[in-house]
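The chain contents come next:
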Amino acid sequence: MNLREALPQTDGAIRVQGITADIEVVRDRWGVPHIHARTVADAFFAQGFVHAQDRLWHMEWDRRRAYGRTAELIGRGGLEADRLARRFQIERASLADWQNLNAETREMLDAYTAGVNAFLAENAVPSLEFKLLHLKPEPWRALDCLSIFKIRHILMGVLFNKIFRLKVVLRLGPERAAGLFIGYREGQPLIIPPDEVYRRSGPITSTLEAASQLLPSAGGSNNWAVDGTRTKSGKPLLAGDPHRAIDVPNVYYQNHLKSDEFDVIGVSFPGVPGFPHLGHNDRVGWAITHAGADYQDLYLERFDTQDANRYEFNGEWLTAELSDEQIFVRGDEPVGERVRRTRHGPLIEDGPWPDFGIALHYTALDPGKTFECFLPIMRARSVEALREAQREWVDPAQNLIMADVDGHIGYHTRGRLPLRSTANGWLPVPGWTGDHEWQGTIPFEQMPQAADPATHFIITANNKIVDDSYPYFISVDAAPGDRATRLHELIQPLTGATADDFAAIQADRLSVPARGLMPHLLAIVPPDEPSSRALARLIGWDCRVEPDSVAATIYEKTRVALLRLLLEPIVGPELMTEMFSAAGGASALLGPLRSNLAALIEANDTRLLDPADPQRASWPAALQTALSTAVAELRAQLGDDMNQWQWARIHTTAPVHPLSVVPEIGDRLNPPRAPYGGDNDTVQAAGFAPALGYTISSSQCYRQIIDLGDLARSRWVVPLGASGHPGSPHYADQVAVWSANSHIPMLYDWQEIAAGAESVLRLSLSKADRLTFGEPSEPLAS
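Described in the following lines is the structure provided in the data block.

The rules behind the values
- Residues numbered from 1 in each chain as written.
- Predicted model: local features only at pLDDT ≥ 70, side-chain atom pairs only at ≥ 80, totals over all residues.
- Heavy atoms only, no water.
- Helix = DSSP H or I, 4+ residues; strand = E, 2+ residues; numbered from the N terminus.
- Rg over C-alpha atoms; globule rule 2.2 N^0.38 Å.
- Areas by Shrake-Rupley, 256 points an atom, 1.4 Å probe, with all protein chains shown as cover.
- Contact = heavy atoms within 4.5 Å.
- Buried < 20%, exposed > 50% of the residue type's maximum accessible area, 1.4 Å probe, protein only.
- Axes fitted to C-alpha atoms, helices over the stretch in contact; angles between N-to-C directions.
- Parallel < 35°, antiparallel > 145°, perpendicular 65-115°, else oblique.
- Left-handed = near helix turned anticlockwise from the far one by under 90°.
- Nonpolar A, V, L, I, M, F, W, Y, C, P; charged D, E, K, R; others polar.
- Polar contact = N/O pair within 3.5 Å; in protein donor to acceptor, adjacent residues only side chain to side chain.
- Expected span 1.5 Å × (residues − 1).
- Bend = angle between axes of the 7 residues up to and from the residue.
- Disulfide = S-S within 2.5 Å.
- Core = buried A, V, L, I, M, F, W, Y, C linked by side-chain atoms within 4.5 Å.
- 1 Å grid on protein atoms, 1.4 Å probe; cavity = no way out; pocket = protein on both sides within 12 Å on 5 of 7 lines; lining within 4 Å.
- Points joined across faces, edges and corners; volume = space filled by probe spheres on them.

## A few points about the overall build of the protein chain
Counting its secondary structure elements, the protein chain contains 23 helices and 27 strands. In terms of overall size, the protein chain behaves like a compact globule, its C-alpha atoms giving a radius of gyration of 26 Å where 782 residues would be expected to give roughly 28 Å. Along the first, second and third principal axes, the C-alpha atoms of the protein chain reach 85 × 70 × 55 Å. As presented, the protein chain carries roughly 27400 Å² of accessible surface, and 49% of it is formed by carbon and sulfur atoms.

## A few points about the environment of Gly271
Here Gly271 is to be found in the loop between β7 (263–268) and β8 (278–280). Through-space distance from the C-alpha of Gly271 to that of His290 is 21 Å; in sequence the pair is 19 residues apart. In this view, Gly271 contacts His51, Met59, Tyr112, Trp140, Cys145 and Ile148; residues no more than four positions away in its chain are not counted.

## Side note on unusual backbone geometry
Trans peptide bonds make up most of the peptide bonds, and negative phi angles are found at most residues other than glycine. A cis geometry characterises the amide bond from Ile192 onward to Pro193, with omega recorded as -5 degrees. Turning to its location among the elements, Pro193 is positioned in the loop between α9 (174–178) and α10 (204–212). Between Val248 and Pro249 the backbone carries a cis peptide bond, its omega angle lying at -10 degrees. Residue placement: Pro249 occurs in the loop between β5 (237–244) and β6 (253–258). One non-glycine residue, His134, lies in the positive phi region at around 55 degrees. Take His134: it is sitting in the loop between α6 (128–133) and α7 (142–154). One non-glycine residue with positive phi stands out, namely Asn462, at about 65 degrees. Mapping Asn462 onto the fold places it in the loop between β21 (457–460) and α13 (482–491). Relative accessible area serves as the criterion here: at 7%, Asn462 is assigned to the buried category.

## Quick word on the packing of helix α8 (residues 159–172) against helix α18 (residues 573–580)
Orientation of α8 relative to α18, taken along the N-to-C sense of each, is 155 degrees, at an axis distance of 11 Å. Relative to α18, the element α8 is oriented roughly antiparallel. Note on packing geometry: the crossing formed by α8 with α18 is left-handed. For the pair formed by α8 and α18, the contact residues are Phe164, Lys167, Val168 and Arg171 on the first element and Leu575, Glu578 and Met579 on the second. Partitioning the contact of α8 with α18 into residue classes produces 4 nonpolar, no polar and 3 charged.

## Side note on the side chain of Asn741
Among the secondary structure elements, Asn741 is positioned in the loop between α22 (735–739) and β26 (744–745). Judged by its relative accessible area of 12%, Asn741 is buried. At 3.0 Å, the side chain of Asn741 and the side chain of Tyr676 are in polar contact. Contacts of Asn741, omitting those with residues within four sequence positions, involve Ala507, Arg509, Tyr676, Gln684, Gln700 and Arg703.

## Section: the packing of helix α16 (residues 529–538) against helix α21 (residues 619–638)
At their nearest, the axes of α16 and α21 sit 9 Å apart, and the two run at 95 degrees to each other. Viewed along their axes, α16 and α21 adopt a mutual orientation that is roughly perpendicular. Taking contact as the criterion, the partners of Pro530, Ser531, Ala534 and Leu535 in α16 are, on α21, Leu627, Ser628, Val631 and Arg635. Classifying every residue of the contact of α16 with α21 by side-chain character gives 5 nonpolar, 2 polar and 1 charged.

## So, helix α1 (residues 40–67)
For α1, which comprises 28 residues, the first-to-last C-alpha distance of 30 Å sits more than 12% below the rise-based estimate of 40 Å (1.5 Å per residue). Along α1, the sharpest kink reaches roughly 95 degrees, centred on Arg55. With 26 of its 28 residues buried, α1 lies for the most part within the structure.

## Some remarks on the state of the cysteines
As enumerated under the stated definition, the model contains 0 disulfides in all. Lacking any disulfide linkage, Cys373 is separated from the closest cysteine sulfur, that of Cys145, by 16 Å.

## Quick word on the nonpolar core
The biggest cluster of nonpolar side chains holds 209 residues, and the ones touching the most others in it are Phe371 and Trp541. Among all residues touching Trp541, those that are not within four sequence positions of it are Ala514, Met518, Ser549, Ala551, Ala552 and Tyr555. Formed by 18 residues, the second largest nonpolar core is a distinct cluster that contains Val226, Leu237, Leu487 and Ala499.

## A short note on empty space enclosed by the protein
Taken as a whole, the largest cavity holds about 120 Å³ of empty space. Together, 14 residues line the largest cavity, and Asp97, Phe149, Lys150, Thr370 and Phe371 are the ones closest to its centre. Take the lining of the largest cavity: its biggest share by element is 3 residues, from α7. Its residues assigned to classes, the lining of the largest cavity shows 6 nonpolar, 3 polar and 5 charged.

Encoded structure:
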């Protein structure tokens, strides 16, 4: 296998059809493309061309994920995901979006699509993956851009949280289940207002129990901004680091796009034009985190016992839409999939009882205009203009932070959030009664927002957005406020801040939950000699989850053992495995429990204890058992020498190429692993799923720091590299920089880009010889 096969041409000239003037693509030393085109249409043509050059396999894989066609490539390992994708009916939703979009947005998508297809026309084997699979790429469609954006976000919603809660309620009953849902802890930060903490207005258990009575009887991310009163330059600084799985290739693609209407640098989704999540132009910067808002409702549909295609609504029997689909499977027979759809949406699962099904009503499966925001975002000249550009944004709901060169900072929860009963937020609700229908959406002007707050900073970390006085329902779920708490501790005292200060904050590994749990763990009497030695290692630990820390390893293992000890007797081994595998929506239950262990101990809350079980009859007994279990596991895994128990020994990245499941390919396309500190709760996030080992399952898939005082000082980094080609020098050349919590320059000045160019490619209407930078018909704008 020659990994360098099918690498794209990045130097010289390529003649293409469909542009109005020559376009230059200058790649810097990290392989990041900086595109200079004359017109908007040419710019998006070039973006599509360059995305295809570096990431066509990535685009093809995501397109197949959206349409339920991965099993064609990897066999039965892709079948379950394909079956779910077919039920989502994403292509149908994308077509409805397309028909709603305005002319300039369609032109953007058409130009991007033309660029992708221009590359395909010149490259019969566009990447190594296509050659290994003997696969000929299909033409790109504008519809595919919309579908990729949807598949990248549909699984980030709360639908699986509701399904998991249903499993817990059905197993334990409403009252016992309610005791496991702790919710957002009082005293932790809110996003809006930036200096307020949460105070609960009523018991969380009552709402879950009320929702349960309706049943028949049968990632994370961080971003923040400070204004010029807190910076050395007197202008704002803005940081963002979204947390996702470390996909191969990396989910985000670094690129820079200049036309006569905009000059934007940031990250894109390969297969999607623009810079919808993170980036900056010459006047304003932006970054997002996931809002955790609820825009996915599940409806229990009751079907006719005599006719599985008829379902009840408001006392009438309606007929479901049906389609029979065939999923082709590599090396196996095709599999049929019947897709049913009710007035609420597609059925995504069978119900927990015969003659019931679960339908999904999801904002992004209704006609929408999210892509109409993309060009206004890129053209925005101020924070206020950028906020206004979000008006048509539907999905995903996100915490958008903004800053501009005039000194303003702002926040807006963007997305379409439906108005309906709070019960919809907890569990699947009866679809046959008509009592849980959507009644419109939260008005744009009344979405949570802030402009130039008196705190002079804004922080979001997937934490609770507003308090209970907000007049609309946003979500039952929010990430624990531990990362937000730590960010407040670091940012509130800041004065004279620089990009270096923000980089240090992004690298912070202090665990707030560890700081709470450690006094209780250190107070126990160790049950045996190995536990005594381990406990001695924790004395004086600063609660920083560093890669070389032995204490961090002991703490992490002990906390996992404690959670298993407390929860498995309650939920049973099957649900426990789901929770420790980060499967579906299980993390919505596990995360708050993990975060709140110290609070439960301090309140002597015994809901997870059992007086009849000596190992968990009291909190000291449970901590003793957990420590002893953790030490025994570590001795078996890493040996008796505790000096060898560093966190990085078991906590590394493990990026896996999607084709690694194909036997003849195996792990040969996998990028290198990297040791990394942090855990689920630290600002420098590096989550893991205990049932799958301690390798990193979710982390900072991108980091940026934008300096509005001098954009040339901005910086960024991804966990792998700019290229998606395994044989490219830029496939994984940012790994070491990323794992060292450093960055590379986010080059924006065109003279600096020219000086450091690694290659220059001209997309030309006419034949041309190899060109060197500085030979275009007109010089690049400075």
